[in-house]
Amino acid sequence: MKKSIVWILSAVMCVSFIFLLSLQISFMKETSDTRRKQFDESVKRSLYEVAHQIELAEAKRYLEEDIQEMERNSNFNNLPVDGFFSQTQSFVFQNGSFTFSQSIQPPAQPSNPSGQSSGSSVPSYTMPSLQVPRPQTDNSNELSERSRALQQRQLEHYLANKSLVDEVIYNMLNTSSSRSLPQRVSKTFLEHTLFDEFDNNGIDLPFNYVLTTNTGRVIYASKDYNTKNIEDSYPQVVFRNDSPNRMGVIRVQFPTLDDYIDKSVGFMLPSLIFIAILMITFAFTLFLIMRQRKITEMKNDFVNNMTHEFKTPISTISLAAQMLNDQSLNKTPQLLKHYSGVINDETKRLRFQVEKVLQMSMFERQSNTMKLKEMDVDELIYGVINTFKLKVENIGGTIDAQFETEDPFAMADDMHFTNVIFNLMDNAVKYKRADVPLHLEVRTWNEPGKLMISIADNGIGIKKDDLKKIFDKFYRVHTGNRHDVKGFGLGLAYVKQVITNHKGTIKAESELGNGTKFIISLPQNNE
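Reading guide: rules and limits
- Residues numbered from 1 in each chain as written.
- Predicted model: local features only at pLDDT ≥ 70, side-chain atom pairs only at ≥ 80, totals over all residues.
- Heavy atoms only, no water.
- Pairing = 2+ DSSP bridges.
- Helix = DSSP H or I, 4+ residues; strand = E, 2+ residues; numbered from the N terminus.
- Axes fitted to C-alpha atoms, helices over the stretch in contact; angles between N-to-C directions.
- Buried < 20%, exposed > 50% of the residue type's maximum accessible area, 1.4 Å probe, protein only.
- Lys, Arg positive; Asp, Glu negative; His and termini not counted.
- Salt bridge = Lys/Arg side-chain N within 4 Å of Asp/Glu carboxyl O.
- Polar contact = N/O pair within 3.5 Å; in protein donor to acceptor, adjacent residues only side chain to side chain.
- Contact = heavy atoms within 4.5 Å.
- Left-handed = near helix turned anticlockwise from the far one by under 90°.
- Nonpolar A, V, L, I, M, F, W, Y, C, P; charged D, E, K, R; others polar.

Chemist: Residue-level account of the sheet that holds strand β5 (residues 208-213), with values.
Modeler: Taking strand neighbours across the sheet as the criterion, the 4 strands line up as β6-β5-β8-β7 in an open arrangement whose pairing is antiparallel. The strands lining the two open edges of the sheet, one partner per strand, are β6 (218-221) and β7 (234-238). Within the sheet, the average angular offset between the axes of one strand and its neighbour, ignoring direction, is 20°. Sheet topology places β7 next to strand β8 (residues 248-253); 5 bridges connect them, and they run antiparallel.

Following this line, the structure appears as structure tokens:
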């Protein structure tokens with residue numbers, strides 16, 4: 001699969017997941033906001049009804065008390081009427097309002113000796129309509145005239161006293177509003193009304209309340225009411241029609257409101273979690289695909305490099321063998337020695353490359369065991385330098401060695417550690433600058449509990465981005481148009497693995513165009 005296709009599919013999937021996740025979050029937020037608005041409206045409606053019930057209860061209570069007092073001071077319910085009607089006046093509290101009513105009853109009629117009625121009895125009349133029905137007998141003109149006159153007198157009497165009644169009601173309500181807030185609102189009535197109204201509106205959450213004056217003085221408060229979180233409470237003014245200094249304020253808090261709102265959208269949380277899991281799984285799968293693709297590319301490069309590495313010595317060996325088998329050539333001892341030397345050198349070269357591959361395979365399976373022994377590291381490095389010195393001098397280079405250790409002994413594997421030093425020096429030769437003679441600097445010194453080794457060159461250097469990957473298996477630094485540098489990309493990976501098995505560390509310092517420096521640290525066991 002092409003890299004561009006992988007990136008396009010990845011971008012489409014990422015955009016889809018992000019859009020789906022944002023849509024789900026937006027829907028959850030909108031649902032949560034809607035549920036909170038509905039709850040707020042229900043609470044406000046409940047508190048408004050609570051305030052209304054408190055005002056009605058206060059008006060009814062004080063009005064009834066004043067009426068009872070008036071009835072005790074005067075015979076209010078039995079006022080006589082001139083020889084014909086008796087009247088009754090009363091206040092009726094019905095459907096949240098007070099009504100003044102007055103009824104007129106006629107006296108009992110004397111019996112008729114003839115057994116016949118002089119006319120039907122006069123029905124009762126109710127004020128304020130004061131509609132007196134017409135007498136049903138045509139022979140009672142005198143009674144009809146007296147009834148109309150009496151009706152007119154009662155209407156005039158009612159209109160004269162209506163203003164007095166209104167003034168009495170106003171004075172009673174004004175007297176009640178002048179009382180203190182605790183006298184006007186009962187704590188028990190307030191609690192019961194709050195519970196009833198919240199229940200009627202479908203609110204079953206625990207709540208805390210406080211009743212304060214308009215200036216903030218607390219009158220009643222529940223046990224757990226938090227006065228510090230006033231902004232989280234729902235306020236409602238009581239006695240709204242009174243003067244500001246006589247008003248009260250009810251505030252209600254719901255401690256578990258946030259949990260209630262979260263639970264209302266909790267059913268969508270699993271879908272959000274699954275979307276997040278799918279996103280993480282997709283990202284991890286994409287990472288594995290890209291990593292596998294990179295490994296495949298490196299393995300292909302490895303196969304190509306291995307083919308070139310093996311092709312040259314095999315061709316050389318094949319050519320030398322053909323020369324030896326050619327009967328037309330005069331095979332002098334010098335010529336035989338030359339051809340046999342070529343075959344021997346190329347065979348060693350093949351064996352060395354094969355050993356690299358086998359060694360990395362063994363390290364991966366952890367089937368290779370280090371044969372560690374205490375040895376003089378300075379002496380080992382000195383032997384490698386003497387062997388490698390001829391190769392460096394043949395290309396016009398130099399090697400400078402500085403052995404500054406006071407204690408050169410460390411636990412190391414002779415063969416593998418020798419290969420480490422040889423690989424690092426061989427890299428310096430491969431990646432030298434064409435216009436500058438190669439110069440190698442090898443140095444050893446001691447640090448507390450450690451033996452330090454550095455190998456520096458003045459070659460082409462390594463880019464900063466490549467510096468982090470040079471110890472990866474199959475990874476080879478791009479060298480531009482240089483085709484004389486061959487390899488498997490296993491040399492530095494092998495070096496890193498050997499040093500790690502020695503419980504040491506290795507790091508590289510480089511700057512493009514100014515050479516590279518490798519620093520090795522080996523632990524020392526002086527005991």
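Moving on from the model shown.
Chemist: So what's going on with the pairing of strand β14 (residues 505-510)? Which residues, and what values?
Modeler: Note that β14 and strand β15 (residues 516-523) share 6 bridges and pair antiparallel. Bridge pairing in β15 places Ala-508 opposite Phe-518.

Chemist: An account of the side chain of Asp-457 is needed here, citing residue identities and associated values.
Modeler: Among the structural elements, Asp-457 can be located in the loop between β13 (450-456) and α10 (464-467). Buried within the structure, Asp-457 lacks any salt-bridge partner; Arg-433 is the closest side chain of opposite charge, at an N-O distance of 7.7 Å. Only 2.8 Å separates the side chain of Asp-457 from the backbone nitrogen of Gly-459, close enough to count as a polar contact. Excluding residues that lie within four positions of it along the chain, Asp-457 makes contacts with Ala-428, Leu-438, His-439, Leu-440, Asn-514, Gly-515 and Thr-516.

Chemist: I'd love a proper account of the side chain of His-502, names of residues and values included.
Modeler: Within the secondary structure, His-502 sits in the loop between α11 (491-501) and β14. We classify His-502 as buried; its relative accessible area is 5%. Reaching out from His-502, the side chain makes a polar contact with the backbone nitrogen of Asp-413 at a distance of 2.9 Å. Ignoring anything within four residues of it in the chain, the contact list for His-502 reads Met-370, Leu-372, Met-411, Ala-412, Asp-413, Phe-417, Leu-522 and Pro-523.

Chemist: Describe the packing of helix α8 (residues 377-394) against helix α9 (residues 414-430), with residues and values.
Modeler: Axis separation between α8 and α9 bottoms out at 10 Å; the angle between their running directions is 40°. α8 and α9 meet at a crossing whose hand is right-handed. Where α8 abuts α9, its residues Val-377, Leu-380, Ile-381, Val-384, Ile-385, Phe-388, Lys-391 and Val-392 lie against Asp-414, Phe-417, Thr-418, Ile-421, Phe-422, Met-425, Asp-426 and Val-429. For the contact of α8 with α9, the residue count by class is 12 nonpolar, 1 polar and 3 charged.

Chemist: Can you explain the sheet that holds β13? Please cite residues and give values.
Modeler: Taken in spatial order, the 5 strands of this open sheet run β10-β12-β13-β15-β14, and their pairing is mixed. The open sheet terminates on both sides in strands that have one partner only, identified here as β10 (398-403) and β14. Across the sheet, the mean angle separating the axes of adjacent strands is 15° when strand polarity is ignored. Looking at chain direction, β10 and strand β12 (residues 439-447) are connected through 6 bridges and run parallel. Residue pairing for β12: Ile-399 is matched across the bridge by Leu-440. Lying on the sheet, α8 is in contact with β10, β12 and β13; it crosses β10 at an angle near 170°. Across the sheet, α9 lies against β12, β13 and β15, angled at about 170° from β15, the strand it touches most.

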